[in-house]
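Remarks on the overall topology
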Amino acid sequence: MVDVSIIVPIYNVASVLNRCINSLIGQSLRNIEIILVNDGSTDESLKICQSYSKIDSRVKVVNKANGGVSSARNAGLRIATGKYVGFVDADDWVESNMYEMMLKSLENKDASICMCEYFVDNAGKSNRIRLPCNEVLSKQSDVAVKLVGSMLSDITHNRTSNTIMGTVCRLLIPRSFIEEHQLKFREDIYYKEDLLFCVQTFLKAKKIAIVNEALYYYVSRDGSAVRQYREDLDWQIDKVYVGIKESLDENGVLHKMERHLNLQFVNDRLELIANECHPDNVKGVSEKLTAIKKHCKNEHLKMILPGLIIRNQAFHKKLLLLFLEKEFHFLLFFYYRLFNILIKR
């Protein structure tokens, strides 16, 4: 049996794809399969994948119609034969010993999941993200508070450099665990689909092994407050929020995670407001302001917001929370308009 199946969803990333695949082919752990899922790319991505499959028998290529990253990952899961499964995004890359180290840690500690630290690469500058725990987490409460809580939001509501991103990349999971719990990616969700999968997966784990070495390089893809304008972002965000809340409730940790979940809800409202202010939104100013005002008046937001403003928040965060609480929709509009102008410079 293959030790590890590495699933790579691919869509129009021909310019950086070689770097990703080369980092996988060069793994010190040799008994692997690399599943490249071309999700309807219109550039040279498919040709690049096929060229690698001709020179390395461990490379498998799946070519499918465009269905989104969740659909691509699920397609990879369906044909994976490895004892363990890992995921890598096509514009990222990994250290050559990543899967060897993670496999040893997973098996030595008899864990359900292994997780490593990582670098965030932003315009060529790498920032190491350290995990808020060492070696092993075996209590569900620790998993919830130390990992899931950090994925949702930092308790101070400051999105710090050490807040863990909710992404399946830099994880290694037994395929039997995925099958036992019928884990898969929601194909009707294309925004924060990773976060929902991570929360659901982590809360089912009996033990999580931690590798305190940065082995994964995540390329920051943020070009603005919201990367691209999404007309149905309200629906997408609400689906993820409900899914996370249900998962926390089902696993008996909702009460412990209430503050983190409330902070996530507030961050969601700010993302929705940023989305309204995106340059690609063709609505008129009046319509945008009406939408922002609606978000400010959200009943749940009004209920939870007063308890979330604390002293050690960053100034800009305090400012945004104040604008939300006072329903200063004009100021929120101009804040994000200015943000997008500055980002372009």
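To keep things clear, this report deals only with the structure shown in the data block. Sequence order as written defines residue numbering, which begins from 1 separately in each chain. The predicted nature of this model means local features are confined to residues of pLDDT at least 70 and side-chain atom pairs, given and counted, to a pLDDT of 80 or more, with totals for whole chains, interfaces and linings taken over all residues. Derived side-chain values reflect all non-hydrogen atoms in the structure, with water molecules and hydrogen atoms excluded from consideration.

In terms of regular secondary structure, the protein chain is built from 13 helices and ten strands. As a reference, a globule follows 2.2 Å times the number of residues to the power 0.38, and the radius of gyration itself is taken over C-alpha atoms. On C-alpha atoms alone, the protein chain measures out to a radius of gyration of 21 Å, which is about the 20 Å that the 2.2 N^0.38 rule sets for 345 residues. Seen through its principal axes, the protein chain has C-alpha atoms that stretch 60 × 45 × 35 Å. Only protein chains enter the accessibility calculation, which uses a 1.4 Å probe; a residue whose area is less than 20% of its type maximum is buried, one above 50% is exposed, and one in between is partly exposed. With 345 residues in all, the protein chain has 54% of them scored as buried. By definition in these notes, contact holds between two residues if any of their heavy atoms fall within 4.5 Å. Sequence separation of at least 24 residues holds for 80% of the intrachain contacts in the protein chain that already meet a minimum separation of 6. Here the protein chain has roughly 15,800 Å² of accessible surface; of this, 51% comes from carbon and sulfur atoms. Taken together, the 47 basic and 42 acidic charged side chains of the protein chain have centroids lying 3 Å from each other. Numbering of helices and strands runs from the N terminus, with a helix taken as a DSSP run of H or I at least four residues long and a strand as a DSSP run of E at least two residues long. Computed by Shrake-Rupley with a 1.4 Å probe, the accessible areas treat only the displayed protein chains as cover when residues are assessed. Neither His nor the chain ends is counted toward charge; the positive residues are Lys and Arg and the negative residues Asp and Glu. Working definition for charges: the position is that of NZ of Lys, CZ of Arg, CG of Asp or CD of Glu.

Let us look at the environment of G166. Its location among the elements puts G166 in the loop between α5 (140-152) and β9 (171-174). Between the C-alpha atom of G166 and that of L196, which follows or precedes it by 30 residues, the distance is 7.9 Å. With sequence-adjacent residues up to four places away left out, G166 is seen in contact with M151, D194, L195 and C198.

A pair of packed helices can be characterised by two numbers: the angle between their axes and the separation between those axes. Think of each axis as a best-fit line through the C-alpha atoms, taken over the contacting stretch in the case of a helix, with angles from 0 to 180 degrees between the N-to-C directions. One way to put it is that helix α8 (residues 233-250) packs onto helix α9 (residues 258-276) with a least axis distance of 10 Å and a crossing angle of 170°. Taken together, the axes of α8 and α9 are roughly antiparallel relative to one another. In this structure, α8 uses L233, D234, I237, D238, Y241, I244, K245 and L248 to contact α9, whose residues at the interface are L261, F265, D268, R269, E271, L272 and N275. Residues are grouped as follows: Ala, Val, Leu, Ile, Met, Phe, Trp, Tyr, Cys and Pro are nonpolar; Asp, Glu, Lys and Arg are charged; every other residue, Gly included, is polar. When grouped by side-chain class, the residues that make up the contact of α8 with α9 number eight nonpolar, one polar and six charged. Under this scheme an angle from 65 to 115 degrees is roughly perpendicular, one under 35 degrees roughly parallel, and one over 145 degrees roughly antiparallel; angles in between are oblique.

Moving on: the layout of surface pockets. Cavities and pockets are defined on a 1 Å grid built over the protein atoms alone: a cavity is a set of grid points where a 1.4 Å probe fits but cannot escape, while a pocket is an open set with protein on both sides within 12 Å along at least five of seven lines, and lining residues are those with an atom within 4 Å of any such point. Grid points are joined across faces, edges and corners, and a volume is the space filled by probe spheres set on the points. Space inside the second largest pocket adds up to approximately 290 Å³. Forming the walls of the second largest pocket are 19 residues, and the residues nearest its centre are D234, L272, A291, K294 and H295. Across the lining of the second largest pocket, the residue classes break down as six nonpolar, four polar and nine charged.

Stacked, tilted and edge-to-face are the three classes applied to pairs of Phe, Tyr and Trp rings, where Trp contributes its six-membered ring and a pair requires centres within 6.5 Å; stacked means planes under 30 degrees apart, edge-to-face means over 60, and tilted covers the rest. Within the structure shown, the criterion is met by nine aromatic pairs. When the ring of Y335 is compared with that of Y336, the centres are 5.1 Å apart and the planes differ by 85°; the resulting orientation is edge-to-face. Three or more aromatic residues joined by ring pairs form one cluster here, namely F87, F185 and F197. Stacked on the ring of F185, the Lys or Arg R73 has its end atom at 5.3 Å from the ring centre. Two conditions define a charge sitting above a ring: the NZ of Lys or the CZ of Arg must be within 6 Å of the ring centre, and it must be within 35 degrees of the ring normal. R269 extends its terminal NZ or CZ atom over the ring of F265, reaching a point 4.0 Å from the ring centre.

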